[in-house]
Amino acid sequence: MSKRPISAELYERAKAVMPGGNTRVTVYMKPHPYYADHGQGCRITDVDGIERLDFTNNYNSLIHGHAHPDVIAAVGAQLQRGSAFPMASETEIDLAEHLCARAPSFNHVRFCNSGSEAVMFALKAARAHTGKPKIAKCEGSYHGSYDFAEVSLDSTPATWGNAEPKSVAYASGTPQSVLDEVVVIPFNKPKEAERILRAHTKELACVLVDLMPNRGGLIPATPDFVEMLKRVREDTGMLIVLDEVITLRLAYEGAQSLYDLRADLTALGKIIGGGFPVGAVAGSAAVMAVFDPRQDKTPLPHSGTFNANPVTMVAGLTAMRLLTRDEITRLGKLGDKARTGVAAAMKSVGMAGQVTGLGSLFRIHVHDRPLSDYRSMLMMADEKAILAGIVGYMRDHGFFVNERGVCSLSTPMGDAEIDAFLDCFKDALAAVPDQTQAAD
Ligand SMILES: Cc1ncc(COP(=O)(O)O)c(C=O)c1O
């Protein structure tokens, strides 16, 4: 008998109409997913009536938690007036103006409906602007589901090659031609990465980088890695495309401001939609001109039925206005407290472990090998079991933590929520040996 019988029942229905009963692999888990009933502030309640503090925030997209009253009011008012039109609307100008005022590298913006789309259009824009076919990306970094951006997302020692990282397919059926157009570089290894980038400059439109890739370990880029990217751009004209779908929250102007970096193009998503589906490409006016439809032949035509729909636009504007510099600083301090507390808890029980992340994001690692990139982050089988035990324990005791140990904070949180998280984490460590054996 499942601990969550109503979720189990729903999953039975789901299996009849969706492959594996699932439409989003991140929410899938054995023996069945959690089914949400409602969320309020930093709490989420599942259909089995269990309330948890939400440290996942719909995979780092709900910076103000659930059902923020200002977002509800803005969306409610917009819904009364219609949700999507075959016309442009003032709401898209409002959000574009807000975003362009936030970061110096955002001269112009185009909206789409997901972070995956944003990355796809940023890469297409880089190709259209430079006339070059290839893109470079870092091994192990997740950028959504565009074929080119997926390359080498889950390379393993068996596939990643001996010397330079090999381009490895993520999804079955990925054409060889896609792999041939993607140059894979190691994250945070500036010498090796620079050599690879320079070997391909004739064909490289851009390098796609997440400055703190969450699947790659939530390890911040080192300053010398970023300096290398700037140097190669300067020398070769290769564009820098940043994926700030998650990292925008790290500073008012996004993570790029922490490195004094101005990206040529930045892919945005998640928090800029205020809880609704969204993506955007922002960048220099010169590069963004490829989207300009005033030309006889637009270099990169870009359309989408729900692009800049006014519901997303008003929700996003409300959420972004609420994400002030002060709130980012306050969340950063809470993040520091969580990181320090998690590391101290592991140390106090003599457990090998460490914490990565910055600002309102942190990731729990259950080994103490030096962390610099995707390869160094990978876990052994027994370590995977320990992490699964900790996550399972915390989910059973009132905390929704993602399966990789990546946690994000939301503005409804304060010291009390971090203290409660740390108490539960300590209990989880004490219970880990049992938990690794436990079945749902
Ligand atoms: C860094 C990064 N880029 C892109 C994406 C894709 O965004 P979406 O899920 O909205 O397509 C994600 C999603 O988790 C992400 O974390």
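Residues numbered from 1 in each chain as written. Predicted model: local features only at pLDDT ≥ 70, side-chain atom pairs only at ≥ 80, totals over all residues. Heavy atoms only, no water.

Asker: Even after reading the chapter, I still don't get helix 12 (residues 325-348), so can you show me in this structure?
Answerer: Between its terminal C-alpha atoms helix 12 stretches 34 Å, which fits the 34 Å expected from 24 residues at 1.5 Å a residue. For helix 12, every residue scored as buried is listed here: Glu-327, Ile-328, Leu-331, Gly-332, Leu-334, Gly-335, Ala-338, Arg-339, Gly-341, Val-342, Ala-345 and Met-346. Directly after helix 12, the chain includes Gly-350, whose backbone phi takes a positive value near 70°. (Helix = DSSP H or I, 4+ residues; strand = E, 2+ residues; numbered from the N terminus. Expected span 1.5 Å × (residues − 1). Buried < 20%, exposed > 50% of the residue type's maximum accessible area, 1.4 Å probe, protein only.)

Asker: Whenever I open this one, the domain arrangement of the protein chain confuses me. Can you help?
Answerer: How large an interface is tends to be reported as the accessible area lost when its parts come together. Under the domain assignment, the protein chain is made up of domain 1 (34-63 + 325-435) and domain 2 (69-322). Between the C-alpha centres of domain 1 and domain 2 the distance comes to 26 Å. Taking both sides of the interface into account, the surface hidden between domain 1 and domain 2 amounts to around 2600 Å²; carbon and sulfur atoms contribute 59%. Salt-bridge contacts for Glu-253 lead to Arg-325; the nearest nitrogen and oxygen are separated by 2.9 Å. Put simply, domain 1 and domain 2 have 14 residue pairs in polar contact (both at pLDDT 80 or more) between them. Counting only elements with at least two residues in the side of domain 1 that touches domain 2, the list comes to helix 2 (57-60), helix 12, strand 12 (361-365), helix 13 (374-377) and strand 14 (406-408). Considering each element in turn, the side of domain 1 that touches domain 2 owes the most residues, 4 residues, to strand 12. (Domains from an automatic or database assignment. Buried area = accessible area lost by both parts, 1.4 Å probe. Salt bridge = Lys/Arg side-chain N within 4 Å of Asp/Glu carboxyl O. Polar contact = N/O pair within 3.5 Å; in protein donor to acceptor, adjacent residues only side chain to side chain.)

Asker: Please clarify how the site of the ligand should be interpreted in this entry.
Answerer: By nearness alone, every residue bordering the ligand is listed as Ser-114, Gly-115, Ser-116, Tyr-142, His-143, Gly-144, Asp-210, Asn-214, Asp-243, Val-245, Ile-246 and Lys-270. Taking Ser-116, its side chain carries an N or O atom lying 2.7 Å from an oxygen atom of the ligand. Side-chain polar atom of Asp-243 to a nitrogen atom of the ligand: 2.6 Å apart, as the coordinates give it. Burial of the ligand by the protein chains amounts to 82% of its free accessible area of 390 Å². (Near = heavy atom within 4 Å. Areas by Shrake-Rupley, 256 points an atom, 1.4 Å probe, with all protein chains shown as cover.)

Asker: Sorry if this is basic, but what is going on with the sheet that holds strand 1 (residues 36-40) here?
Answerer: Paired through backbone hydrogen bonds, the strands of a sheet run either parallel or antiparallel to each other. Across the sheet, 4 strands lie side by side as 1-2-3-13; this open sheet has mixed pairing. The sheet terminates laterally at strand 1 and strand 13 (399-400), the two strands that pair on one side only. (Pairing = 2+ DSSP bridges.)

Asker: Where do I start with the pattern of salt bridges in this structure?
Answerer: Close approach of charged atoms allows side chains with opposite charge to pair. A complete count under the given rule lists 23 salt bridges for this structure. Where Glu-203 meets Lys-134, a salt bridge forms, and the shortest distance between an N and an O atom there is 3.5 Å. Remark: Lys-134 occurs in strand 5 (residues 134-138) and Glu-203 occurs in the loop between helix 8 (190-199) and strand 7 (204-209); sequence separation between them is 69 residues. For the salt bridge of Arg-330 with Glu-327, the shortest nitrogen-to-oxygen distance reads 2.8 Å.

Asker: What is the right way to look at the sheet that holds strand 11 (residues 354-356) in this model?
Answerer: The sheet built from 3 strands is open, its strands ordered 11-12-14 with antiparallel pairing. Looking at which strands have only one partner, the edges of the open sheet turn out to be strand 11 and strand 14. The sheet shows a mean angle of 25° between the axes of neighbouring strands, taken without regard to direction. Note that strand 12 and strand 14 share 3 bridges and pair antiparallel. Note that in strand 14 the partner of Arg-363 across the bridge is Val-406. Of the strands in this sheet, strand 11 and strand 12 touch helix 12, which is tilted by about 10° from strand 12. (Axes fitted to C-alpha atoms, helices over the stretch in contact; angles between N-to-C directions. Contact = heavy atoms within 4.5 Å.)

Asker: Would you take a moment to explain the packing of helix 8 against helix 9 (residues 223-236) for this structure?
Answerer: A packed helix pair is summarised by two numbers, namely the angle formed by the two axes and the spacing between the axes. Closest axis-to-axis distance for the helix 8/helix 9 pair is 9 Å, and the angle between their directions is 20°. Classified by the angle between their axes, helix 8 and helix 9 sit roughly parallel to one another. The handedness of the crossing between helix 8 and helix 9 is right-handed. Between helix 8 and helix 9, the residues in contact are Pro-190, Ala-193, Glu-194, Leu-197 and Arg-198 and Asp-224, Phe-225, Met-228, Leu-229, Arg-231, Val-232, Asp-235 and Thr-236, respectively. Here the residues of the contact of helix 8 with helix 9 are counted per class, giving 7 nonpolar, 1 polar and 5 charged. (Parallel < 35°, antiparallel > 145°, perpendicular 65-115°, else oblique. Left-handed = near helix turned anticlockwise from the far one by under 90°. Nonpolar A, V, L, I, M, F, W, Y, C, P; charged D, E, K, R; others polar.)

Asker: How should I be thinking about the packing of aromatic side chains in this particular structure?
Answerer: The description of an aromatic ring pair rests on the distance of the ring centres and on the angle between the ring planes. For the coordinates displayed, the defined rule picks out 10 aromatic pairs. For the pair Phe-187 and Phe-225, a centre-to-centre distance of 5.4 Å together with 65° between the ring planes defines the contact as edge-to-face. Remark: Phe-225 occurs in helix 9 and Phe-187 occurs in the loop between strand 6 (182-185) and helix 8; sequence separation between them is 38 residues. The exposure class of Phe-187 is buried, given its relative accessible area of 2%. Considering the side-chain rings of Phe-399 and Phe-421, the 6.0 Å spacing of their centres and the 85° angle between planes classify their relative orientation as edge-to-face. With Phe-399 in strand 13 and Phe-421 in helix 15 (residues 415-435), this pair connects stretches of sequence that are 22 residues apart. (Phe/Tyr/Trp six-rings, centres within 6.5 Å; stacked < 30°, edge-to-face > 60°.)

Asker: What am I meant to see in the nonpolar core here?
Answerer: Burial of nonpolar side chains together is a common tendency in soluble globular proteins. Residues Phe-421 and Phe-425 are the most contacted members of the largest nonpolar core, which totals 54 residues. Of all the secondary-structure elements, those providing two or more residues to this core are helix 4 (90-102), strand 4 (108-112), strand 10 (279-283), helix 11 (310-322), helix 12, strand 12, helix 14 (381-396) and helix 15. Looking at which element gives the most residues to this core, the answer is helix 15, with 9 residues. When residues no more than four places from it in sequence are discounted, the contact partners of Phe-425 are Val-342, Ala-345, Met-346, Ile-364, Ile-390 and Met-394. (Core = buried A, V, L, I, M, F, W, Y, C linked by side-chain atoms within 4.5 Å.)

Asker: What is the right way to look at the side chain of Glu-194 in this model?
Answerer: For Glu-194, the location among the structural elements is in helix 8. Setting aside residues up to four positions removed in sequence, Glu-194 forms contacts with Met-228, Arg-231 and Val-232.

Asker: Just to check I follow, could you spell out empty space enclosed by the protein for this structure?
Answerer: Any space left empty among the atoms is revealed by the rolling of a water-sized probe across them. Going through the model one piece at a time under the given rule, you end up with 1 cavity of 30 Å³ or more. The computed volume of the largest cavity comes to approximately 40 Å³. Contributing to the lining of the largest cavity are Arg-363, Ile-364, His-365, Val-366, Met-377, Met-379, Leu-387 and Arg-404. Of the residues forming the lining of the largest cavity, the biggest block, 3 residues, is contributed by strand 12. Of the residues belonging to the lining of the largest cavity, the class tally is 5 nonpolar, 1 polar and 2 charged. (1 Å grid on protein atoms, 1.4 Å probe; cavity = no way out; pocket = protein on both sides within 12 Å on 5 of 7 lines; lining within 4 Å. Points joined across faces, edges and corners; volume = space filled by probe spheres on them.)

Asker: Help me out: how do you make sense of unusual backbone geometry in this one?
Answerer: Glycine aside, negative phi is the norm for most residues, and most peptide bonds take the trans geometry. Here the bond from Lys-30 into Pro-31 is cis, since omega is 0°, no more than 30 degrees from zero. Here Pro-31 is to be found in the loop between helix 1 (5-17) and strand 1. The backbone of Tyr-59 shows a phi angle near 50°, a positive value even though the residue is not glycine. By the element assignment, Tyr-59 lies in helix 2.

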